[in-house]
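Close look at the chain arrangement
What follows is each chain in one-letter form.
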Amino acid sequence: MITSHAVMIRQHGEPADVLFTQSYTIDDEHLAPNAVIVKVLASPINPSDINQIQGVYPSQPQKTTQYGTSFPSFVCGNEGLFEVVKVGASVTSVAPGDWALPLRVCSGTWRTYAEFSDDVLFKIPSPAQSTARGKTPLTLQQGAALTVNPLSAYLMLTHFVEPKPGNWFIQNGGNSAVGKFASQMGRLLGLNSISVIRDRPNLDEVKQQLHDTYGATHVITEEENNSREFSGVVKKWLSESGGSLQLGLNCVGGKSSTGVARKLQDNGIMLTYGGMSFQPVILPTSLHIFKNITSAGFWCTRIVEENLQLKKEILEKIISWYEDGELLEAASTASEYTGGDLASFYSERIADSKSGKQVVVNAVE
């Protein structure tokens with residue numbers, strides 16, 4: 001029997017108030033033919049995880065008593081990296097020692113061990129397997145954070161407007177995790193990018209990093225984005241390059257979304273995937289009438305849950321970029337869990353999220 005510790009909730013609320021640890025056993029001696037037991041190597045803490053706990057996120061796990069609770073509850077966490085420990089007699093897709101990801105959201109990744117059916121797992125190369133092929137192995141943090149931010153960036157760049165080399169896209173939140181992935185992937189796809197960021201004391205340093213390290217073609221401030229006069233500069237960039245600008249990525253809203261939409265050319269589309277300003281998306285009527293600009297929402301979960309094959313193909317592409325050393329992961333802080341109350345450990349990491357993305361690494365043998 002394997003003992004697993006899981007972070008669960010029975011009712012929605014703030015994480016510090018509702019998270020609890022539930023310990024349960026997994027019978028590894030009597031596995032179903034298609035069962036796979038995994039150790040959770042690492043699991044990130046994403047805003048969507050917190051929103052799910054608060055009860056304000058559209059997708060919610062099914063509550064259950066199968067883990068031994070006396071009341072229906074669910075295991076938290078949507079993203080994570082697993083190591084296969086044991087498989088059922090009919091499983092051929094993975095073997096002990098392999099690395100794997102959950103294909104579905106609401107998989108409950110905030111735990112130490114779990115049991116899944118083989119059809120909901122996606123095998124990815126372990127360090128030994130990458131090294132054997134002469135490739136750069138994925139780190140724990142890269143492997144654990146494959147299915148949210150990089151997947152979202154790639155889908156937005158490729159799923160709505162054909163990514164023709166030489167064309168452009170503009171995004172606000174250029175210094176965010178998704179923004180950095182979009183800049184890098186845009187460069188790899190042959191696209192030029194304009195990244196909008198907030199003004200800050202070390203503005204020149206951040207601009208240089210986004211350009212040199214993450215591949216942004218141009219980096220501008222929100223003030224420049226909101227300036228009608230600055231649109232002339234953007235038109236000059238487009239004219240000199242010969243490329244078109246028909247894709248905008250918006251995670252801020254408010255005036256920032258207006259500035260992004262104004263720079264799109266005829267028949268362009270602006271995808272909204274977040275609202276950090278807590279202000280509505282504002283688009284002038286003239287953009288709809290005279291430029292036929294489309295404003296659409298982007299929710300990665302909906303797209304990939306309806307097309308798991310597409311998700312697998314994109315993950316393979318992202319992994320190949322990592323293995324070839326062409327893609328950098330977004331910065332995160334890894335914290336090793338070595339024992340104790342798991343829910344308290346996650347609560348502390350959630351509090352730390354205000355200073356940057358957190359990844360919990362399971363160091364318990």
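The structure reproduced in this document is the subject of the present report. (Residues numbered from 1 in each chain as written. Predicted model: local features only at pLDDT ≥ 70, side-chain atom pairs only at ≥ 80, totals over all residues. Heavy atoms only, no water.)

Focus on the overall build of the protein chain
Each helix and strand counted, the protein chain has 14 helices and 16 strands in total. What you see for the protein chain is a C-alpha radius of gyration of 22 Å, in line with the 21 Å of a compact globule of 365 residues. Seen through its C-alpha atoms, the protein chain measures out along the principal axes to roughly 70 × 45 × 40 Å. For the protein chain, the accessible surface area stands at approximately 16000 Å², while carbon and sulfur atoms represent 49% of it. Here the protein chain holds 29 positive side-chain charges and 36 negative ones, and the gap between their average locations is 7 Å. (Helix = DSSP H or I, 4+ residues; strand = E, 2+ residues; numbered from the N terminus. Rg over C-alpha atoms; globule rule 2.2 N^0.38 Å. Areas by Shrake-Rupley, 256 points an atom, 1.4 Å probe, with all protein chains shown as cover. Lys, Arg positive; Asp, Glu negative; His and termini not counted. Charge placed at Lys NZ, Arg CZ, Asp CG, Glu CD.)

Let's talk about the packing of aromatic side chains
Under the defined criterion, the tally for this structure stands at 9 aromatic pairs. Judged by centre distance (6.0 Å) and plane angle (80°), the rings of Tyr57 and Trp299 are edge-to-face. With Tyr57 in the loop between α2 (47-54) and β4 (74-75) and Trp299 in the loop between β14 (294-297) and α12 (300-305), the pair connects residues that are 242 residues apart, well separated along the chain. Here Phe82 and Phe116 contribute two aromatic rings whose centre-to-centre distance is 5.3 Å and whose plane-to-plane angle is 20°, an arrangement assigned as stacked. Here Phe116 lies in strand β7 (residues 113-117) and Phe82 lies in strand β5 (residues 81-87), a separation of 34 residues in the sequence. (Phe/Tyr/Trp six-rings, centres within 6.5 Å; stacked < 30°, edge-to-face > 60°.)

Comments concerning the nonpolar core
Judged by nonpolar contacts, the single largest core of 43 residues is most densely connected at Ile124, Leu146, Leu155, Leu157, Met185 and Leu249. Per-element tally for this core: the top contributor is helix α13 (residues 308-323), with 7 residues. When sequence neighbours within four positions are dropped, the list of residues in contact with Met185 reads Pro150, Ala153, Tyr154, Leu157, Ile318, Trp321 and Leu327. (Core = buried A, V, L, I, M, F, W, Y, C linked by side-chain atoms within 4.5 Å. Buried < 20%, exposed > 50% of the residue type's maximum accessible area, 1.4 Å probe, protein only. Contact = heavy atoms within 4.5 Å.)

A few points about the packing of helix α5 (residues 149-158) against helix α6 (residues 177-188)
Where α5 meets α6, the axes come as close as 8 Å, and the angle between the chain directions of the two elements is 50°. Between α5 and α6, the angle falls in the class oblique. The element α5 and its partner α6 pack so that their crossing is right-handed. Of α6, the residues touching α5 (which contributes Asn149, Pro150, Ala153, Tyr154, Met156 and Leu157) are Ala177, Val178, Phe181, Ala182, Met185 and Gly186. (Axes fitted to C-alpha atoms, helices over the stretch in contact; angles between N-to-C directions. Parallel < 35°, antiparallel > 145°, perpendicular 65-115°, else oblique. Left-handed = near helix turned anticlockwise from the far one by under 90°.)

Brief notes about the sheet that holds strand β11 (residues 218-221)
The strand order across the open sheet built from 6 strands is β11-β10-β9-β12-β13-β14, with neighbouring strands paired in parallel fashion. Both edges of this open sheet fall to β11 and β14, since each of them pairs with a single strand only. Pairwise comparison of adjacent strand axes, ignoring direction, gives a mean angle of 20° for this sheet. Judged from the 4 bridges that link them, strand β10 (residues 192-197) and β11 form a sheet pairing that is parallel. The partner of Ile197 across the bridge, within β11, is Thr221. Together, β9 (168-172), β12 (245-250) and β13 (269-272) form the strand contacts of α5, whose direction differs from that of β12 by roughly 150°. (Pairing = 2+ DSSP bridges.)

Brief notes about the sheet that holds strand β1 (residues 2-9)
Across the sheet, which stays open at both edges, the 3 strands sit in the order β2-β1-β4 with antiparallel pairing between neighbours. Across the chains shown, the open sheet's two edge strands, defined by having one partner strand only, are β2 (20-26) and β4. Summarising the sheet, β1 and β4 pair through 2 bridges and their orientation is antiparallel. The residue of β4 that forms the bridge with Ile9 is Phe74. With respect to the sheet, helix α14 (residues 342-352) is in contact with β1 and β2, its orientation differing from that of β1 by roughly 50°.

What about α2?
Within the sequence span of α2, burial applies to Ser48, Asp49, Ile50, Gln52 and Ile53. Buried residues belonging to α2 abut β1, α1 (15-18), β3 (35-45), β4 and α14. Trailing α2 by a residue or two, Gly55 shows a phi angle of about 90°, which is positive.

Here's the deal with the pattern of salt bridges
All told, the structure shown has 7 salt bridges when counted by the stated rule. Measuring nitrogen to oxygen at the nearest pair gives 3.6 Å for the salt bridge that ties Lys86 to Glu29. Here Lys86, found in strand β5, pairs with Glu29, found in the loop between β2 and β3; they are 57 residues apart in sequence, far enough to count as distant. Judged by relative accessible area, which is 30%, Lys86 ranks as partly exposed. (Salt bridge = Lys/Arg side-chain N within 4 Å of Asp/Glu carboxyl O.)

Side note on the environment of His12
When you line up the elements, His12 lands in the loop between β1 and α1. Overall, His12 belongs to the partly exposed group, its relative accessible area being 35%. On a C-alpha basis, the gap between His12 and Val36 in space is 30 Å, while along the polypeptide they are 24 residues apart. Residues contacting His12, with those up to four places away along its chain left out, are Val18, Gln52, Ile53, Gln54, Gly55, Gln60 and Phe74. Here Gln52 takes part through its backbone oxygen, which lies 3.3 Å from a polar atom of the side chain of His12. (Polar contact = N/O pair within 3.5 Å; in protein donor to acceptor, adjacent residues only side chain to side chain.)

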